[in-house]
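# Commentary on secondary and tertiary structure
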Amino acid sequence: MSQIPLNHVFIFAIILFVIGFIGVIARRNTLFMLMSLEVMLNAVGLAFIGAGSAWVEADGQVMFILILTLAAAEVAVGLALLIRLQQQRQCLDIDALNELRE
Amino acid sequence: MQVLAYLPFYPLLSFLLLIMLSKNLTWLQASIISVSSVGLSALSAGYLIHNFMISADSVVAVHLWQWFKLGDAAVNFALRLDSLSAVMLGVVTGVGFLIHVFAAAYMKGDENFSRFMAYMNLFISAMLLLVLADNLVLLYLGWEGVGLCSFLLIGFWYQEPANAKAAKKAFIVTRVGDTFFAIGLFLLFREVGSLTITDIMTSNELGLLVDNNMAFWICLLFVGGAVGKSAQLPLQTWLPDAMAGPTPVSALIHAATMVTAGVYLIARMNNLFLLTPQVMTIVAIIGALTLLLAGIAALAQSDIKRVLAYSTMSQIGYMMLGLGAGAFSAGVMHLMTHAFFKALLFLTAGAIILALHHQQNMFKMGGLLKKLPVISSLFFIGVAALIALPGTSGFVSKEAIIAELYSSKTAGPWFWWAAIVGALITSVYSFRMVFLTFFGQYRGCAEITKPSHYLLIMPLFLLAVLALAGGLITLDLTALFDVNVIDISTEPSWLHSVAVATPFIGIVIAYLIYFPHAGKTIRESKSKLTLFIQNGLGFNGLYSLLLVKPFLFLSKCNKNDVVELLIKAISWNVVTWHEVLKATQTASLRWYLAMLALGVIILLAVLLGQTSGELA
C-alpha cells in the first residue's frame, strides 16, 4: 500500500484552509460563513490526521476527535443563534447586523 | 459619677428626638421635650456643684470611653469638673435653661419651631462638652460644635438672604481663629506629648517650652482661636451681623455662653500663659483695644440688638483685659455676671421687639417706660449691672478687674486708663439706649401689644435677680489660679473712687446729649462719621479691601482655573484617542477577519525570516 506523502497532505490541508477562510471573509450570509468555518476546521483536522499517521502516533487522531466535538458544539450554538436572528430580523447579512458596535 | 457622665447627653438626646419627629410635634410637646432636657442638665449641674462645694475634692473626673489613640497617648472621652468648669457649667445650664424657657414662648408660632429648639439643644450639648472636656481634643469637638450651632441658628430664618450671609460670615471668620487654635493644639501635642488638661497643668516639659520659645507660639495661636470665638480684634466683625438670628439665640450664644469660650480657653490654659508674659500683654492689649473700639461703635448704632452686640464685644474685652493682666479669677467672675445681665438685656430687648412687632430701630421707639413698665424696669436692672452701678453683680466683677490692672506686671496704668475710659463709654451708650427707648414720645407707628405669656416674663425676673445678686456668689478659684500675681497694696488711693464714679459721669454726659427733652426732635443722624462708626469703624470695609476684593480679583483672573487646565488636558487626550480608536471599530466582521489574517501572515513571515536566518 503506497503511502500518500506528508507534503501532499499538508498542501491539501492548506488549500482547504484558505478556501474556508476566503469563504468566511467573502460571504455576507452568516449561514455560509458558518459552513466555511467548518471547512477550515476540517482542514486542521486533516493536517492532524496526516501528521499522526506519518509519525505513527495516536495523538493526531485524538486531536481530531476533540476538534470534531468542538465543531459539533460550535455548530449547535451557531445554528441556534442563526435561527433566532432569522426569526427576529428576517436577515442574516453580517454587515447589517452591526448594532453591538456602539 | 453617673450624674456627670449623663449630663451633656440629655440635650443631645432631645436634639435627636426633635430632629427625627420635627414635623409631627405640637408646640407643647416640642417645648416640653427641649426645655425639660436642659432643665434636667441644670438640675444635675446644681446637684454636682453643691456636692463639689461641700466635698474636699478639687477635681471630679469621669472616664466614659477611649476615643482614639495618638501615638502612645490615648485621647479619652472623659469629663472633668473642677472649680473653673463648675462656674461655666452653672452658667451654661442655668442661663441656658432660662433662655430655653423664654425661647419656647418667643418662637411660638414659628413653623420650624421644633427645628429651632433642636438646634438650641444641640448647642447646649456641645457647649457642655466644651466646658467639661478632660482633654483639649474633646474641648475642640465642643468648640466646633458650638460654632456649627451658631451658624445654624444665625441662619435660622434662611429665607432672608441677609441672614444666610451673616451666618456664613460668622462661620468663616471664626474658622480663621479655629485654624489657629488647631495648629496650636498640634504644636502643644508635639512638645508635651499629651493633650489632657491634667498633663498640661503638671507637665515637666513646660520649662523646656519656654526655653525654646515654643510656649510663646502656642499661646499666641491659642489667643488666635480665642479671639475668633470671642469676637475680639481683629476677628470681631462677625458678631454684630450675627444679630440676624432670633433674639434668644443672640442671648444664649452671642452673649452668655459661646462667645465667652475664648475667655474660658485662656483661663483654662492659665499656667501656660503665665509662662509667657509677652502673650499676656498681647491679650491685655487686644482686650483694651476691643473694649474701646466696640464701645465707640456702640455709640452710633440705631438697632437695639446691635448696641447690645457691640456691648458684648466690649465686655468680653474687659474679660480679656483681666486675663491678660493676670486677674484670672476676676475675668471668670466677669464672665459669669456678664452672662446673667447680658442674657437679661437681650431677652428684655427681645420682649420689646416682640411687643413692637419686630421693630428693632431705637429711633422708632421712645416712651416705652409708660407703655411697658415691667419690661422697662427689668431692662434698667440689666443696664445698671452692665455699667457697674454699685449694688449690682456687674459692679463686683468689673471693679475686681479694674482694681487689679494698675499694678499688674503684664498690664499697667495705661490699661487701667483704657478700662476707665471704656467704663465711661459703656455708661454713655447704655444710657443713650435707655433714653432713646424708654423716654420721650413714642415715635413708632406699630401698635404696642404687651407680651403677656408667663413663660416670657418669668425667666426675665429670675435673670434680673441673678443680675443684681450674682455678685454675692463667691468663686473660689484659688485651687486653679496663682493668686499672688498682683500686688495691689502700692496703688494710689484715688483709683478706686475714680472707678466707682465713672459710670455716674457717663450717665450725666448721656443725659446732656441724648435725653429727649420736650420739644427736642429726635432724628437718626445720617452724617458720614455716624455711618462710619455705625459700620464698626470701617473694619468691614478694610477686610473687604484687603481680603475679599483681592480674593475675588484672583478668582476672576483664574476664572479658567490654571490647575484645571492640566486635568482638562488629560481628559482631552483621552477623548481624542477614544475618537481615533473608535474610527477603527467599523463593526464589519469580515474586515476584522481579513486584518487578523494579514497580521498572522506578517507574524509568520517574520518568524520564518528569523528561523531561516538562524539556519543560514
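Along the backbone of chain B there are 27 helices and 2 strands. By its C-alpha atoms, chain B is 120 × 65 × 50 Å across when sized along the principal axes. Within chain B, buried positions represent 49% of all 616 residues. Sequence separation of at least 24 residues holds for 82% of the intrachain contacts in chain B that already meet a minimum separation of 6.

What follows concerns the overall build of chain A. When helices and strands are counted, chain A shows 3 helices and 0 strands. In chain A, the order of α-helices and β-strands from amino to carboxyl end is α-α-α. Looking at chain A as a whole, 7% of its 102 residues qualify as buried. Across chain A, contacts joining residues at least 24 apart in sequence account for 47% of those joining residues at least 6 apart.

Take the packing of helix 17 (residues 328-355) of chain B against helix 20 (residues 393-405) of chain B next. All names here are of chain B. One can describe the packing of helix 17 onto helix 20 by two numbers: an axis separation of 9 Å at closest approach and a directional angle of 150°. The pairing of helix 17 with helix 20 is recorded here as roughly antiparallel in orientation. Crossing angle aside, the handedness with which helix 17 passes helix 20 is left-handed. Residues Ala 330, Gly 331, Met 333, His 334, Thr 337, Phe 340 and Phe 341 of helix 17 touch helix 20, and the partners they reach there are Ser 393, Gly 394, Val 396, Ser 397, Lys 398, Ala 400, Ile 401 and Glu 404. Grouping the amino acids of the contact of helix 17 with helix 20 by side-chain chemistry returns 7 nonpolar, 6 polar and 2 charged.

We now examine the pairing of strand 1 (residues 60-70) of chain B. Residue and element names in this part refer to chain B. Looking at chain direction, strand 1 and strand 2 (residues 73-81) are connected through 9 bridges and run antiparallel. Looking across to strand 2, one finds that Phe 68 is bridged to Val 75. Counting the residues between successive antiparallel strands, the hairpin from strand 1 to strand 2 contains 2 residues, one of them, Gly 71, with a positive phi of roughly 60°.

Right, let's talk about the environment of Ser525(B) for a bit. Secondary-structure assignment places Ser525(B) in the loop between helix 23 (494-514) and helix 24 (528-534). With 225 residues separating them along the chain, Ser525(B) and Ala300(B) place their C-alpha atoms 8.7 Å apart.

Here the focus is the domain arrangement of chain B. Often, the extent of an interface is quoted as the loss of accessible area upon association of its parts. Domain annotation for chain B reports domain 1 (276-537) and domain 2 (547-615). Of note, the centres of domain 1 of chain B and domain 2 of chain B, computed from C-alpha atoms alone, are 72 Å apart.

Proteins that are soluble and globular tend to have nonpolar side chains buried together. Residue and element names in this part refer to chain B. With 198 residues, the main nonpolar core has Phe 123, Leu 321, Ala 343 and Leu 344 as its most contacted residues. Ranked by residue count, the leading element in this core is helix 17, at 18 residues. Excluding its chain neighbours within four sequence positions, the residues that come into contact with Ala 343 are Val 95, Ile 99, Ala 251, Ala 255, Ala 256 and Leu 463.

Another point: helix 1 (residues 6-26) of chain A. Taking 1.5 Å per residue, 21 residues should reach 30 Å; helix 1 of chain A reaches 30 Å between its end C-alpha atoms and fits that length. Looking at the buried residues of helix 1 of chain A, the elements they touch are helix 2 (30-54) of chain A together with helix 27 (589-615) of chain B.

With that out of the way, let us pick up the environment of Ile507(B). Residues and elements named next belong to chain B. Tracing the chain through its elements places Ile 507 in helix 23. Given 20 C-beta atoms within a 10 Å radius, Ile 507 is considered buried. As a C-alpha pair, Ile 507 and Tyr 429 span 78 residues in sequence and 9.0 Å in three-dimensional space. Those residues in contact with Ile 507, other than ones at most four positions away along the chain, are Ser 427 and Phe 431.

Glancing now at the confidence of the model for chain B. Residue and element names in this part refer to chain B. Chain-level statistics for chain B give a pLDDT mean of 85 and a share of 96% at 70 or above. By mean pLDDT, helix 9 (residues 206-211) is the weakest element of chain B at 70, and helix 6 (residues 136-154) is the strongest at 91. For this predicted complex, the interface confidence score (ipTM) comes to 0.79, while the overall pTM stands at 0.76.

Spacing of three or four residues puts side chains on the same side of an α-helix, whose turn is 3.6 residues. Residue and element names in this part refer to chain B. Between its terminal C-alpha atoms helix 21 (residues 413-438) stretches 37 Å, which fits the 38 Å expected from 26 residues at 1.5 Å a residue. Burial within helix 21 is extensive, with 21 of its 26 residues counted as buried. Following helix 21 by one or two positions, Gly 440 has its phi on the positive side, about 75°.

What follows deals with unusual backbone geometry. Leu233(B) connects to Pro234(B) through a cis peptide bond whose omega is -5°. For Pro234(B), the position within the fold is in the loop between helix 10 (214-229) and helix 11 (238-241). Despite not being glycine, Val56(A) shows a phi value in the positive range, around 45°. Its identity as a non-glycine residue notwithstanding, Gln90(A) has a phi of 55°, on the positive side.

Helix-helix packing is described using two parameters, namely the angle between the two axes and the distance between the axes. Residues and elements named next belong to chain B. Across the interface, helix 10 lies against helix 15 (residues 277-299) with an axial gap of 9 Å and an inter-helix angle of 20°. The orientation of helix 10 relative to helix 15 falls into the category roughly parallel. Here the hand of the crossing between helix 10 and helix 15 comes out right-handed. Along the contact surface, helix 10 presents Phe 216, Cys 219, Leu 220, Val 223 and Val 227, while helix 15 presents Gln 278, Val 279, Ile 282, Val 283 and Ile 286.

What counts and how
- Residues numbered from 1 in each chain as written.
- Chains lettered and ligands numbered in written order.
- Predicted model: local features only at pLDDT ≥ 70, side-chain atom pairs only at ≥ 80, totals over all residues.
- Helix = DSSP H or I, 4+ residues; strand = E, 2+ residues; numbered from the N terminus.
- Buried ≥ 20, exposed ≤ 12 C-beta atoms within 10 Å, placed from the backbone.
- Contact = placed C-beta atoms within 7 Å.
- Axes fitted to C-alpha atoms, helices over the stretch in contact; angles between N-to-C directions.
- Parallel < 35°, antiparallel > 145°, perpendicular 65-115°, else oblique.
- Left-handed = near helix turned anticlockwise from the far one by under 90°.
- Nonpolar A, V, L, I, M, F, W, Y, C, P; charged D, E, K, R; others polar.
- Pairing = 2+ DSSP bridges.
- Domains from an automatic or database assignment.
- Core = buried A, V, L, I, M, F, W, Y, C linked by C-beta atoms within 7 Å.
- Expected span 1.5 Å × (residues − 1).
- pLDDT = per-residue confidence, 0-100.

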